[in-house]
Amino acid sequence: MAQLEYSEFQAAMLDEDKRRRKAAKIVAVLGHFLGRDEGVLKGLTVADIGCSAGFIADELANAGAARTFGVDIDVPGLRKASARFGERVTFVCADGTALPFPDGSIDVLVFNHIYEHVVDPDAIMAEMHRVLSDEGVLYLGLGNRLGVMEPHYRLPFLSYLPPALADRYVRLFGRADSYYERYRTRRGLRRMARGFRVWDYTFPVLATPAAFAGSELFPGAAGRAAEGVLSRLPRAVLRALLPVVPTYLWVATKSARRPAGPRLPQPPDPVQTL
(Lines give C-alpha, C1' and ligand atoms only; values in the text may rest on other atoms or scores of the structure.)
Protein backbone atom coordinates (compact mmCIF):
# COMPACT_ATOMS: atom_id res chain seq x y z
CA MET A 1 0.00 0.00 0.00
CA ALA A 2 2.93 2.36 0.61
CA GLN A 3 3.63 2.52 -3.11
CA LEU A 4 0.20 4.12 -3.61
CA GLU A 5 1.59 7.27 -1.96
CA TYR A 6 5.20 6.84 -3.01
CA SER A 7 5.94 10.56 -3.35
CA GLU A 8 4.90 11.09 0.28
CA PHE A 9 7.76 9.05 1.72
CA GLN A 10 10.41 9.27 -1.01
CA ALA A 11 11.55 12.90 -0.97
CA ALA A 12 13.58 12.39 -4.15
CA MET A 13 10.33 12.28 -6.12
CA LEU A 14 9.69 15.91 -5.09
CA ASP A 15 13.25 17.11 -5.79
CA GLU A 16 12.35 19.25 -8.79
CA ASP A 17 15.87 20.13 -9.89
CA LYS A 18 17.02 16.51 -9.83
CA ARG A 19 13.91 15.26 -11.63
CA ARG A 20 14.28 17.87 -14.36
CA ARG A 21 17.93 16.91 -14.86
CA LYS A 22 16.83 13.31 -15.29
CA ALA A 23 14.22 14.46 -17.79
CA ALA A 24 16.83 16.37 -19.78
CA LYS A 25 18.87 13.18 -20.06
CA ILE A 26 15.82 11.21 -21.18
CA VAL A 27 14.97 13.80 -23.85
CA ALA A 28 18.58 13.85 -25.06
CA VAL A 29 18.70 10.06 -25.40
CA LEU A 30 15.40 10.07 -27.28
CA GLY A 31 16.67 12.90 -29.46
CA HIS A 32 19.75 10.92 -30.45
CA PHE A 33 17.77 7.80 -31.21
CA LEU A 34 15.23 9.74 -33.27
CA GLY A 35 17.90 11.88 -34.96
CA ARG A 36 16.34 15.13 -33.74
CA ASP A 37 18.42 18.02 -32.35
CA GLU A 38 15.52 20.37 -31.60
CA GLY A 39 11.85 19.82 -30.97
CA VAL A 40 12.73 16.26 -30.04
CA LEU A 41 9.13 15.22 -29.41
CA LYS A 42 7.42 17.65 -31.78
CA GLY A 43 4.11 16.31 -33.04
CA LEU A 44 4.31 13.10 -30.99
CA THR A 45 1.96 11.62 -28.39
CA VAL A 46 3.96 10.85 -25.26
CA ALA A 47 3.22 9.07 -21.96
CA ASP A 48 5.29 8.95 -18.79
CA ILE A 49 4.40 5.73 -16.97
CA GLY A 50 4.97 6.21 -13.24
CA CYS A 51 4.98 10.01 -13.44
CA SER A 52 4.43 10.75 -9.71
CA ALA A 53 4.67 14.54 -9.18
CA GLY A 54 4.95 15.19 -12.91
CA PHE A 55 8.29 16.93 -13.39
CA ILE A 56 9.49 14.55 -16.09
CA ALA A 57 6.12 14.63 -17.85
CA ASP A 58 6.28 18.43 -17.86
CA GLU A 59 9.71 18.35 -19.50
CA LEU A 60 8.41 15.91 -22.13
CA ALA A 61 5.67 18.43 -22.92
CA ASN A 62 8.28 21.19 -23.10
CA ALA A 63 10.21 19.10 -25.64
CA GLY A 64 7.40 19.68 -28.12
CA ALA A 65 5.06 16.74 -27.61
CA ALA A 66 1.69 17.27 -29.28
CA ARG A 67 0.03 15.57 -26.32
CA THR A 68 1.53 14.39 -23.06
CA PHE A 69 0.10 11.98 -20.49
CA GLY A 70 1.31 11.22 -16.98
CA VAL A 71 0.15 7.89 -15.53
CA ASP A 72 0.50 6.70 -11.93
CA ILE A 73 -1.32 5.23 -8.93
CA ASP A 74 0.37 7.74 -6.59
CA VAL A 75 -2.69 9.89 -5.85
CA PRO A 76 -0.93 12.58 -3.76
CA GLY A 77 1.73 12.90 -6.46
CA LEU A 78 -0.89 13.16 -9.18
CA ARG A 79 -2.71 15.90 -7.28
CA LYS A 80 0.48 17.94 -7.06
CA ALA A 81 1.25 17.28 -10.73
CA SER A 82 -2.20 18.24 -11.95
CA ALA A 83 -2.22 21.44 -9.91
CA ARG A 84 1.05 22.61 -11.44
CA PHE A 85 1.13 21.12 -14.93
CA GLY A 86 -2.45 20.21 -15.74
CA GLU A 87 -2.67 22.78 -18.55
CA ARG A 88 0.16 21.03 -20.46
CA VAL A 89 -0.12 17.42 -19.32
CA THR A 90 -3.11 15.10 -18.89
CA PHE A 91 -2.64 13.16 -15.66
CA VAL A 92 -4.39 9.82 -15.26
CA CYS A 93 -4.71 7.59 -12.21
CA ALA A 94 -4.28 4.13 -13.69
CA ASP A 95 -2.43 0.87 -13.13
CA GLY A 96 0.36 0.17 -15.60
CA THR A 97 -1.07 -3.28 -16.26
CA ALA A 98 -4.24 -1.69 -17.71
CA LEU A 99 -3.20 1.48 -19.50
CA PRO A 100 -6.16 3.62 -20.64
CA PHE A 101 -4.94 3.98 -24.23
CA PRO A 102 -5.98 2.29 -27.49
CA ASP A 103 -3.66 -0.16 -29.23
CA GLY A 104 -0.75 1.53 -31.00
CA SER A 105 -1.77 5.04 -29.92
CA ILE A 106 1.40 6.27 -28.15
CA ASP A 107 4.51 7.38 -30.05
CA VAL A 108 6.90 7.67 -27.08
CA LEU A 109 6.70 5.92 -23.71
CA VAL A 110 8.94 6.66 -20.73
CA PHE A 111 9.36 4.02 -18.00
CA ASN A 112 12.12 5.44 -15.85
CA HIS A 113 13.20 3.58 -12.69
CA ILE A 114 9.71 2.23 -12.09
CA TYR A 115 9.86 -1.54 -12.65
CA GLU A 116 11.37 -2.31 -9.23
CA HIS A 117 8.37 -0.71 -7.49
CA VAL A 118 5.58 -2.67 -9.19
CA VAL A 119 4.10 -6.10 -8.55
CA ASP A 120 4.24 -7.38 -12.13
CA PRO A 121 6.69 -5.50 -14.38
CA ASP A 122 6.33 -8.14 -17.11
CA ALA A 123 2.61 -7.36 -17.39
CA ILE A 124 3.38 -3.64 -17.63
CA MET A 125 5.95 -4.27 -20.36
CA ALA A 126 3.35 -6.27 -22.29
CA GLU A 127 0.82 -3.45 -21.86
CA MET A 128 3.33 -0.84 -23.04
CA HIS A 129 4.03 -3.02 -26.09
CA ARG A 130 0.29 -2.99 -26.79
CA VAL A 131 -0.15 0.80 -26.66
CA LEU A 132 3.13 1.71 -28.40
CA SER A 133 2.78 2.60 -32.07
CA ASP A 134 4.51 0.41 -34.64
CA GLU A 135 7.27 3.01 -35.15
CA GLY A 136 7.20 4.22 -31.54
CA VAL A 137 10.01 4.21 -28.98
CA LEU A 138 10.13 3.25 -25.32
CA TYR A 139 12.72 4.76 -22.98
CA LEU A 140 13.74 2.44 -20.14
CA GLY A 141 15.75 3.46 -17.07
CA LEU A 142 16.49 0.18 -15.29
CA GLY A 143 18.25 -0.41 -11.99
CA ASN A 144 20.45 -3.48 -11.74
CA ARG A 145 20.11 -5.86 -8.78
CA LEU A 146 23.90 -6.28 -8.81
CA GLY A 147 24.58 -2.56 -8.43
CA VAL A 148 26.50 -2.31 -5.14
CA MET A 149 24.80 0.79 -3.68
CA GLU A 150 21.00 0.60 -3.53
CA PRO A 151 19.83 3.99 -4.87
CA HIS A 152 16.69 4.58 -2.77
CA TYR A 153 18.06 3.86 0.70
CA ARG A 154 21.81 4.26 0.07
CA LEU A 155 22.68 0.95 1.69
CA PRO A 156 25.32 -1.29 0.08
CA PHE A 157 24.25 -4.71 -1.20
CA LEU A 158 20.64 -4.17 -0.08
CA SER A 159 19.20 -5.38 -3.39
CA TYR A 160 21.30 -8.56 -3.19
CA LEU A 161 19.39 -9.79 -0.13
CA PRO A 162 16.27 -11.96 0.07
CA PRO A 163 13.17 -9.97 1.14
CA ALA A 164 13.16 -10.92 4.83
CA LEU A 165 16.80 -9.95 5.32
CA ALA A 166 16.35 -6.77 3.26
CA ASP A 167 13.46 -5.75 5.53
CA ARG A 168 15.67 -6.21 8.60
CA TYR A 169 18.50 -4.26 6.97
CA VAL A 170 16.42 -1.13 6.24
CA ARG A 171 14.84 -1.28 9.71
CA LEU A 172 18.26 -1.63 11.37
CA PHE A 173 19.43 1.63 9.78
CA GLY A 174 16.09 3.40 10.27
CA ARG A 175 15.47 3.90 6.54
CA ALA A 176 12.03 2.24 6.27
CA ASP A 177 9.74 -0.37 7.83
CA SER A 178 10.07 -2.70 4.83
CA TYR A 179 12.01 -2.96 1.60
CA TYR A 180 9.46 -3.03 -1.20
CA GLU A 181 11.72 -2.72 -4.25
CA ARG A 182 12.49 -5.84 -6.29
CA TYR A 183 15.35 -5.51 -8.74
CA ARG A 184 16.45 -7.87 -11.48
CA THR A 185 19.84 -8.71 -12.91
CA ARG A 186 20.75 -7.75 -16.48
CA ARG A 187 19.71 -11.20 -17.62
CA GLY A 188 16.34 -10.78 -15.94
CA LEU A 189 15.90 -7.38 -17.59
CA ARG A 190 16.74 -8.84 -20.99
CA ARG A 191 13.97 -11.37 -20.38
CA MET A 192 11.60 -8.61 -19.25
CA ALA A 193 12.17 -6.75 -22.54
CA ARG A 194 11.27 -9.73 -24.73
CA GLY A 195 9.12 -8.73 -27.67
CA PHE A 196 11.06 -5.48 -28.14
CA ARG A 197 14.19 -4.61 -30.08
CA VAL A 198 16.51 -2.84 -27.65
CA TRP A 199 19.48 -0.45 -27.93
CA ASP A 200 21.72 0.13 -24.91
CA TYR A 201 22.61 3.79 -24.28
CA THR A 202 24.32 3.17 -20.94
CA PHE A 203 27.92 3.61 -22.07
CA PRO A 204 27.18 6.31 -24.68
CA VAL A 205 25.76 8.47 -21.87
CA LEU A 206 28.59 7.67 -19.44
CA ALA A 207 31.32 8.25 -22.04
CA THR A 208 29.86 11.48 -23.47
CA PRO A 209 27.71 12.94 -20.65
CA ALA A 210 27.68 16.46 -22.09
CA ALA A 211 25.91 15.17 -25.20
CA PHE A 212 23.13 13.68 -23.05
CA ALA A 213 22.65 16.33 -20.36
CA GLY A 214 24.21 13.85 -17.98
CA SER A 215 27.20 15.77 -16.67
CA GLU A 216 25.94 15.36 -13.07
CA LEU A 217 26.76 11.65 -13.28
CA PHE A 218 30.49 12.36 -12.85
CA PRO A 219 30.97 15.96 -11.69
CA GLY A 220 34.20 17.93 -11.61
CA ALA A 221 37.71 16.67 -12.33
CA ALA A 222 36.76 13.09 -11.50
CA GLY A 223 34.03 13.33 -14.10
CA ARG A 224 36.36 14.56 -16.81
CA ALA A 225 38.78 11.74 -16.01
CA ALA A 226 36.02 9.11 -16.05
CA GLU A 227 34.70 10.46 -19.34
CA GLY A 228 38.15 10.27 -20.89
CA VAL A 229 38.69 6.70 -19.76
CA LEU A 230 35.25 5.43 -20.74
CA SER A 231 35.35 7.05 -24.17
CA ARG A 232 38.57 5.16 -24.99
CA LEU A 233 38.06 1.76 -23.39
CA PRO A 234 37.81 -1.15 -25.83
CA ARG A 235 34.27 -2.28 -26.40
CA ALA A 236 35.08 -5.77 -25.11
CA VAL A 237 36.11 -4.32 -21.73
CA LEU A 238 32.91 -2.29 -21.46
CA ARG A 239 30.78 -5.32 -22.32
CA ALA A 240 32.54 -7.30 -19.58
CA LEU A 241 31.46 -4.63 -17.07
CA LEU A 242 27.80 -4.71 -18.06
CA PRO A 243 26.59 -7.30 -15.49
CA VAL A 244 27.51 -4.98 -12.57
CA VAL A 245 26.64 -1.54 -14.01
CA PRO A 246 24.21 0.05 -11.48
CA THR A 247 21.76 1.45 -14.05
CA TYR A 248 20.95 0.63 -17.66
CA LEU A 249 19.56 3.18 -20.12
CA TRP A 250 17.77 1.39 -22.96
CA VAL A 251 15.64 2.46 -25.91
CA ALA A 252 13.20 -0.19 -27.10
CA THR A 253 11.10 -0.41 -30.26
CA LYS A 254 8.61 -2.80 -31.83
CA SER A 255 10.14 -2.33 -35.28
CA ALA A 256 13.68 -2.63 -36.61
CA ARG A 257 14.50 1.06 -36.07
CA ARG A 258 18.11 1.99 -35.41
CA PRO A 259 19.67 5.02 -33.67
CA ALA A 260 19.55 7.92 -36.12
CA GLY A 261 21.82 10.37 -34.28
CA PRO A 262 25.47 11.24 -34.96
CA ARG A 263 28.28 8.80 -34.31
CA LEU A 264 29.52 8.68 -30.71
CA PRO A 265 32.88 7.62 -29.17
CA GLN A 266 30.97 4.73 -27.60
CA PRO A 267 27.95 4.06 -29.84
CA PRO A 268 24.74 2.36 -28.65
CA ASP A 269 24.82 -1.43 -28.68
CA PRO A 270 21.95 -3.75 -29.55
CA VAL A 271 20.72 -5.84 -26.60
CA GLN A 272 19.87 -9.48 -27.16
CA THR A 273 16.57 -10.02 -25.38
CA LEU A 274 15.60 -13.45 -24.06
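Residues numbered from 1 in each chain as written. Predicted model: local features only at pLDDT ≥ 70, side-chain atom pairs only at ≥ 80, totals over all residues. Heavy atoms only, no water.

**What to know about unusual backbone geometry**
Okay, step 1: In the Ramachandran plot, histidine 113 falls in the positive-phi region, its phi being about 55 degrees despite a non-glycine side chain.
Okay, step 2: In this structure, histidine 113 sits in the loop between strand E4 (106-112) and helix H5 (121-131).
Okay, step 3: Despite not being glycine, arginine 154 shows a phi value in the positive range, around 55 degrees.
Okay, step 4: Inspection of the secondary structure puts arginine 154 in the loop between strand E5 (132-143) and helix H6 (163-172). (Helix = DSSP H or I, 4+ residues; strand = E, 2+ residues; numbered from the N terminus.)

**Considering the sheet that holds E4**
Okay, step 1: Pairing within the open sheet is mixed, and its eight strands lie in the order E3-E2-E1-E4-E5-E7-E6-E8. Strand pairing shows two members of the sheet lacking a second neighbour, strand E3 (90-93) and strand E8 (269-271), which therefore form its edges. Adjacent strand axes in the sheet meet at a mean angle of 25 degrees when their direction is disregarded.
Okay, step 2: Here helix H2 (residues 16-34) sits on the sheet in contact with E4, E5, strand E6 (197-200) and strand E7 (247-253), set at roughly 135 degrees to E5.
Okay, step 3: Sheet contacts for helix H4 (residues 75-85): strand E2 (67-72) and E3; angle to E3, the most-contacted strand, approximately 165 degrees. (Pairing = 2+ DSSP bridges. Axes fitted to C-alpha atoms, helices over the stretch in contact; angles between N-to-C directions. Contact = heavy atoms within 4.5 Å.)

**Observations concerning empty space enclosed by the protein**
Okay, step 1: Under the definition given, this model contains one cavity of 30 Å³ or more.
Okay, step 2: As for the largest cavity, its lining consists of Asp200, Thr202, Phe203, Pro204, Arg235, Leu238, Arg239, Leu242 and Asp269.
Okay, step 3: Breaking the lining of the largest cavity down by element, the ones donating at least two residues are helix H8 (202-207) and helix H10 (235-241).
Okay, step 4: Grouping the constituent residues of the lining of the largest cavity by class yields four nonpolar, one polar and four charged. (1 Å grid on protein atoms, 1.4 Å probe; cavity = no way out; pocket = protein on both sides within 12 Å on 5 of 7 lines; lining within 4 Å. Points joined across faces, edges and corners; volume = space filled by probe spheres on them. Nonpolar A, V, L, I, M, F, W, Y, C, P; charged D, E, K, R; others polar.)

**Looking at the nonpolar core**
Okay, step 1: Core analysis: the largest hydrophobic core is formed by 45 residues, its most contacted members being Leu109, Phe111, Met125, Met128, Leu138 and Trp250.
Okay, step 2: What methionine 125 contacts, discounting residues up to four positions off in sequence, is Phe111, Leu138, Leu140, Met192, Ala193 and Phe196.
Okay, step 3: Counting 27 residues, the second largest nonpolar core, distinct from the first, contains Val137, Phe212, Leu249 and Val251. (Core = buried A, V, L, I, M, F, W, Y, C linked by side-chain atoms within 4.5 Å. Buried < 20%, exposed > 50% of the residue type's maximum accessible area, 1.4 Å probe, protein only.)

**Let's talk about the pattern of salt bridges**
Okay, step 1: Across all of its chains, the model carries 14 salt bridges by this definition.
Okay, step 2: Salt-bridge contacts for glutamate 59 lead to arginine 20; the nearest nitrogen and oxygen are separated by 2.5 Å. Residue glutamate 59 is located in helix H3 (residues 55-62), and its partner arginine 20 is located in helix H2; the two are separated by 39 residues in the primary sequence.
Okay, step 3: Aspartate 122 serves as the salt-bridge partner of arginine 194, at 3.8 Å between the closest nitrogen and oxygen. With a gap of 72 residues between them, arginine 194 in the loop between helix H7 (186-192) and E6 and aspartate 122 in helix H5 connect regions that are remote in the sequence.
Okay, step 4: On the accessibility criterion, aspartate 122 (24% relative accessible area) is partly exposed.
Okay, step 5: Through salt bridges with shared partners, one network takes in Glu16, Arg20, Asp58, Glu59, Arg84 and Arg88. (Salt bridge = Lys/Arg side-chain N within 4 Å of Asp/Glu carboxyl O.)

**Describing the pairing of E2**
Okay, step 1: Burial analysis of E2 places five of its six residues in the buried class, the great majority of the element.
Okay, step 2: Summarising the sheet, strand E1 (residues 45-49) and E2 pair through five bridges and their orientation is parallel. Counterpart to isoleucine 49 in the pairing with E2 is valine 71.
Okay, step 3: Chirality of the crossover, the property in question, places the unit of E1, H3 and E2 among those that are right-handed.
Okay, step 4: Judged from the four bridges that link them, E2 and E3 form a sheet pairing that is parallel. Residue pairing for E3: aspartate 72 is matched across the bridge by cysteine 93.
Okay, step 5: Following the chain from E2 across H4 to the adjacent parallel E3, one finds a crossover that is right-handed. (Right-handed = clockwise from strand over helix to strand, strands pointing away.)

**Points about the environment of glycine 261**
Okay, step 1: Examined against the element boundaries, glycine 261 turns out to sit in the loop between E7 and E8.
Okay, step 2: Considering only alpha carbons, one finds glycine 261 and phenylalanine 33, 228 residues apart in sequence, at a separation of 5.7 Å.
Okay, step 3: With sequence-adjacent residues up to four places away left out, glycine 261 is seen in contact with His32, Phe33 and Gly35.

**Regarding the packing of aromatic side chains**
Okay, step 1: The tally for this structure, following the rule as stated, stands at eight aromatic pairs.
Okay, step 2: Note on tyrosine 115 and tyrosine 183: the rings are 6.2 Å apart at their centroids and 85 degrees apart in plane angle, and the pair reads as edge-to-face. Of this pair, tyrosine 115 sits in the loop between E4 and H5 while tyrosine 183 sits in the loop between H6 and H7, and the two are 68 residues apart along the sequence. Here tyrosine 115 matches tyrosine 183 in class, with each residue buried.
Okay, step 3: Where tyrosine 169 meets phenylalanine 173, the ring centres are 5.5 Å apart and the plane angle is 70 degrees; that geometry is what we call edge-to-face.
Okay, step 4: The lysine or arginine in question, arginine 186, covers the ring of tyrosine 248, its NZ or CZ lying 4.9 Å from the ring centre. (Phe/Tyr/Trp six-rings, centres within 6.5 Å; stacked < 30°, edge-to-face > 60°. Lys NZ or Arg CZ within 6 Å of the ring centre and 35° of its normal.)

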